[in-house]
Amino acid sequence: MQHIQESIYQLIVETSTNLPKDVRKAIRQAKASETAGTRSAIALETITNNIMMAEGDVSPICQDTGMPTFKVKTPVGVNQLVIKEAIYAAIEQATKDGKLRSNSVDSLFGKNSGNNLGPGTPVVKFEQHEGDYIDIRLILKGGGCENKNIQYSLPCELEGLGKAGRDLDGIRKCILHSVYQAQGQGCSAGFIGVGIGGDRTSGYELAKDQLFRLSDDENSIPELKAMEDYIMENANKLGVGTMGFGGETTLLGCKIGVMNRLPASFFVSVAYNCWAFRRLGMKINPETGDISEWLYKEGEEISFTNETDETTEAPREVKLVAPITEEQIRDLKVGDVVSISGMMYTGRDAIHHHLKDHDCPVDLNGQIIYHCGPVVLKDEEGKYHIKAAGPTTSIREEPYQGDIMKKFGIRAVIGKGGMGAKTLKALEEHGGVYLNAIGGAAQYYSQCIKEVKDVNYLEFGIPEAMWHLQVEDFKAVVTMDSHGNSLHKDVDKSSLEKLATMAEKVF
Ligand SMILES: O=C(O)C[C@H](O)C(=O)O
Ligand code: SF4
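Model, not experiment: these values are computed from the prediction.

## Looking at the sheet that holds strand 10 (residues 278-284)
Reading across from one edge, 2-1-3-10-11 is the order of the five strands in this open sheet, with mixed pairing throughout. Only two strands of the sheet have a single neighbouring strand rather than two, namely strand 2 (123-129) and strand 11 (291-295). On average, adjacent strands in this sheet sit at an angle of 15 degrees to one another, irrespective of strand direction. When strand 1 (residues 67-75) meets strand 2, the two strands line up parallel, connected through seven bridges. Note on strand 2: the bridge partner recorded for Thr74 is Gln128. Its contacts with the sheet put helix 4 (residues 80-96) on strand 1, strand 2 and strand 3 (134-141), and the angle it makes with strand 1 is roughly 150 degrees.

Below you can see the structure in the form of structure tokens.
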């Protein structure tokens, strides 16, 4: 098996940089269903551009390269320890080469291991099979969509839908609710894997296993096929849309599996995966370790074309260069597009937590904070280069954001998925704005970053450090303004109303 490490390295690189065909097909269909010129259509344009850029540059589609999860099937007699070692070595190499972000963090002390190895990372599951080849599949599932996974214990009470009982209709309600509760925060439109039954652990495992199915396969259980079709049709009526901007496509795929349960338990577990659904696999020759076949790659090439016939009026575009004045911020309204040039500073979980009771090494008065944990490489001269840099989910900073904006005079924050009532109030009082960038579009934004000027707090690890970025024409949409308006609040409300129309029994 002398080539096994190289084969696994290729699997990791390809998974991080090149979306499988069934996923591309679903995204292409979503794009075709949106009216050109709408916010969702523009977001999908950025997403499809990003997919093509990542493939062309062999760079990560999204900066969050997730929890690497390997499923390995071996013929009887193959040494699984050798495969495990090869996986670890390939993971380390792919991290060094900027194909994976260092994502393994000590849960007690916050230290990033730097090489994506550590207790529980990566996830590797082995099974034996009757085949004469090694089957290795990999999913790179990011943290933002992982946070939107949800597990229901039936019977339960669901907002909008009422009581969900221990029957098919109760399951239907849970699945619809799971899509509603994700809103745009898991970078919708998403794919869901659903596990019915099991215990809390095996239920989630079953849900994740569904993500290894092709998104256009057919369920062999008629009841579940009917449920998958129903969910695809009806979840897309919720109007959450791409990135929670509203629109026609909220769900790109739904796969449901079932297993037995205990008499006292009835779990419905849902694994939510963002549009950047990175899943590939390969068959490997157990003698040499060479790749004999790629999985999830059958069929014609799926590429994307750019629409030009805009039928809706293009949104207003405002140019911003920091430091920004309160007057400039008060002029911005939900729906405006801003194009930023000049400086912005990254800050996410660790920085927000730190700044709440510390000073900042840079003057943030009038400045822009970008919720982003980039992939960064250092060259031989010691200069940093951004390899991928899309936004992270902003709601995690909800407890701190308003106070920090006021304390340091920050005028704008960029992130994705929107923020809550506390931040909205602070934006109004202080004169601040929330800007939504397109989640997962890490290559698209990385190309707007012209230089890394400096970095602070590198001891928090690469994703959590404060990177000083010089950008040019970095585009984002105003989704929360200083006049009390929030697109996220509006979409949540209207999608909950839609959900409530689906309360009646169907199955
Ligand atoms: O950690 C990140 O960069 C992003 C994360 O996957 C998210 O969706 O919030
Ligand atoms: S930022 Fe969005 S696209 Fe990237 S991993 Fe997180 S949820 Fe997925």
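## Quick look at the UniProt feature "domain: Fe-S hydro-lyase tartrate dehydratase alpha-type catalytic" (unreviewed entry) in the protein chain
Per the UniProt record, the feature "domain: Fe-S hydro-lyase tartrate dehydratase alpha-type catalytic" (unreviewed entry) sits at residues 6-281. From the first C-alpha to the last, residues 6-281 spans 14 Å; its make-up is 38% helix and 22% strand.

## What about the environment of Leu499?
For Leu499, the location among the structural elements is in helix 14 (residues 487-500). Residue classification places Leu499 among the buried positions, given a relative accessible area of 0%. For the pair formed by Leu499 and Lys173, sequence separation is 326 residues and the distance between their alpha carbons is 9.3 Å. Excluding its chain neighbours within four sequence positions, the residues that come into contact with Leu499 are Glu159, Gly160, Leu161, Leu176, His177, Tyr180 and Leu238.

## Topic: the sheet that holds strand 7 (residues 190-196)
Strand order in the open sheet made by the four strands is 4-9-7-8, with mixed pairing throughout. The sheet terminates laterally at strand 4 (150-153) and strand 8 (251-258), the two strands that pair on one side only. For this sheet the average axis-to-axis angle between neighbouring strands, irrespective of direction, equals 15 degrees. Relative to strand 9 (residues 267-273), strand 7 is paired through six bridges, and the arrangement is antiparallel. Considered in strand 9, the bridge of Gly193 is made with Ala271.

## Examining unusual backbone geometry
Of note, the amide linkage connecting Thr121 to Pro122 takes the cis form, showing an omega dihedral of -10 degrees. Tracing the backbone through its elements, the reader meets Pro122 in the loop between helix 4 and strand 2. Phi is positive for Tyr457, which is not a glycine, with a value near 60 degrees. Mapped onto the elements of the fold, Tyr457 is located in the loop between strand 19 (449-456) and strand 20 (466-480). The backbone of Asp473 shows a phi angle near 55 degrees, a positive value even though the residue is not glycine. As for its placement among the helices and strands, Asp473 is situated in strand 20.

## Digging into the packing of helix 6 (residues 168-182) against helix 8 (residues 222-235)
Orientation of helix 6 relative to helix 8, taken along the N-to-C sense of each, is 35 degrees, at an axis distance of 11 Å. Note on packing geometry: the crossing formed by helix 6 with helix 8 is right-handed. Together, Leu168, Ile171, Arg172, Ile175, Leu176 and Val179 of helix 6 and Glu223, Met227, Tyr230, Ile231, Asn234 and Ala235 of helix 8 make up the contact between the two elements. Looking at side-chain class alone, the contact of helix 6 with helix 8 contains nine nonpolar, one polar and two charged residues.

## What about the pairing of strand 3?
Across the eight residues that make up strand 3, a large majority, seven, are buried. As defined by bridge partners, strand 1 adjoins strand 3 across seven bridges and the pair is classed as antiparallel. Within the sheet, the bridge partner assigned to Pro68 lies in strand 3 and is Leu140. In the sheet, strand 3 pairs with strand 10 via seven bridges, with the strands oriented antiparallel. Bridge assignment links Ile139 to a residue of strand 10, and that residue is Arg279.

Analysis parameters
Residues numbered from 1 in each chain as written. Chains lettered and ligands numbered in written order. Predicted model: local features only at pLDDT ≥ 70, side-chain atom pairs only at ≥ 80, totals over all residues. Heavy atoms only, no water. Pairing = 2+ DSSP bridges. Helix = DSSP H or I, 4+ residues; strand = E, 2+ residues; numbered from the N terminus. Axes fitted to C-alpha atoms, helices over the stretch in contact; angles between N-to-C directions. Contact = heavy atoms within 4.5 Å. UniProt positions renumbered as here; feature names shortened; annotations may be inferred. Buried < 20%, exposed > 50% of the residue type's maximum accessible area, 1.4 Å probe, protein only. Left-handed = near helix turned anticlockwise from the far one by under 90°. Nonpolar A, V, L, I, M, F, W, Y, C, P; charged D, E, K, R; others polar.

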